[in-house]
Structure formats: C-alpha cells, structure tokens
Amino acid sequence: TRRFPLGTFELVQIGGITIGRAPYQPGWRWSQHAGPSLRLTRCPVEHVGLVLSGTATAAFDDGTVAELSAGQLFYIPATPHDSWVVGDHPYVSLHLLGAERYAR
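All of the points below concern the structure found in this document. Residue positions are given per chain, counted from 1 along the sequence in the order it is written. A pLDDT threshold of at least 70 governs which residues receive local features in this predicted model, and a stricter bar of 80 or more applies before side-chain atom pairs are shown or counted, although totals over entire chains, interfaces and linings include all residues. Side-chain measures here rest on the full set of heavy atoms in the structure, leaving out hydrogens and waters.

**Considerations on the sheet that holds strand E7 (residues 73-76)**
Working step 1: Only strands joined by at least two bridges in the DSSP assignment are considered to pair. A run of DSSP states H or I qualifies as a helix once it reaches four residues; a run of E qualifies as a strand once it reaches two. Both are numbered from the N-terminal end. If you trace the six strands from one edge of the open sheet to the other, you get E1-E2-E3-E9-E4-E7, paired in antiparallel fashion. Edge positions in the open sheet fall to strand E1 (2-4) and E7, since each of these has one partner strand only. Strand-to-strand, the axes of this sheet are offset by a mean angle of 20°, without reference to chain direction.
Working step 2: As paired elements, strand E3 (residues 17-24) and strand E9 (residues 91-97) share five bridges and run antiparallel to each other. Following the sheet pairing, Tyr24 is matched in E9 by Tyr91. Axes here mean lines fitted to C-alpha atoms, for a helix over just the part in contact, with angles spanning 0 to 180 degrees between N-to-C directions.

**Quick word on the environment of Gly49**
Working step 1: Tracing the sequence through the fold places Gly49 in strand E4 (residues 47-53).
Working step 2: Judged by relative accessible area, Gly49 falls into the buried class, the value being 1%.
Working step 3: Placed 25 residues apart in sequence, Gly49 and Phe74 show a C-alpha to C-alpha distance of 5.3 Å.
Working step 4: Every residue in contact with Gly49, bar those within four places of it in the chain, is listed here: Gln72, Leu73, Phe74, Leu94, His95 and Leu96. Using a 1.4 Å probe on the protein chains alone, a residue whose accessible area is under 20% of its type maximum counts as buried, one over 50% counts as exposed, and one in between counts as partly exposed. Contact between two residues is taken to exist if any of their heavy atoms lie within 4.5 Å; hydrogens are not considered.

**Things to note about the pairing of E4**
Working step 1: Where E4 lies against E7, four bridges are found, and the strand directions are antiparallel. By the bridge assignment, Leu50 is partnered in E7 with Leu73.
Working step 2: Bridging between E4 and E9 involves five bridges; their strand directions are antiparallel. Paired with Leu50 across the strands is Leu94, a residue of E9.

**Quick look at the side chain of His33**
Working step 1: With respect to the helices and strands, His33 occurs in helix H1 (residues 30-34).
Working step 2: With residues up to four places along the chain from it excluded, the contact list for His33 reads Phe4, Pro5, Leu6, Gly27 and Trp28.

**Remarks on the pattern of salt bridges**
Working step 1: By salt bridge we mean one thing: a side-chain nitrogen of Lys or Arg within 4 Å of a carboxyl oxygen of Asp or Glu. A complete count under the given rule lists four salt bridges for this structure.
Working step 2: Across the pair Arg42 and Asp61 runs a salt bridge whose closest N-O atoms are separated by 3.1 Å. With Arg42 in the loop between H1 and E4 and Asp61 in the loop between strand E5 (55-60) and strand E6 (65-69), this residue pair connects regions lying 19 residues apart in the sequence.
Working step 3: Take Asp61: its relative accessible area is 61%, and that puts it in the exposed class.
Working step 4: Across the pair Arg101 and Glu100 runs a salt bridge, and its minimum N-O distance is 2.7 Å.
Working step 5: The exposure class assigned to Arg101 is partly exposed, which follows from its relative accessible area of 39%.

If you want it as structure tokens, here you go:
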C-alpha cells in the first residue's frame, strides 16, 4: 500500500500483472497529495482502469479535461496530468495498466 494524505494506492500482483485500487477522499488532489513526495507537479503515468464509485477529473496542461465517473472505463495517456476528486463523495478506481509505476 502506498499512502499519502486523503488516499492510498493498494497493489496486488496476480497472474503476472499488477492491479491497483485507488480510494481517495473528497479534497484529494494528485499535485497536492501524491506529487510532493515524488517532487512532481503532474502524474507522468499511463492509466487504464475502471471507476468503482465517485467522480474524479484528470486535467492536462493543454486544457484537455476528462471526467471519470462510477462505472466508466478510462484511459489516461502518459502525458503529464493532474487529477482530483470531484464533490463530497469518496472516489475509488481500479488501475489495470500503470499500477506498478503509480505514485512511486
């Protein structure tokens, strides 16, 4: 488990792959809660995953914004991006690609 303020990133290795589970509390923001310990302001990792609950936003420096909502599959390219929980409900997602490199 990788821990940071307002969230964790839980990892499991199974069948030769690494899967991550990301539970984040309202107010969590990658650039404020995960990035500082890595000395980064943006996440550089590519992600493929599934949102289990809540809503989050991924935003890129070119102005592109993706909203990630419960039940949605998502792809976030390795282009540096920030992300944050939207609203007053916790956000939880599974990461099927990129988990081994996330917040590391």
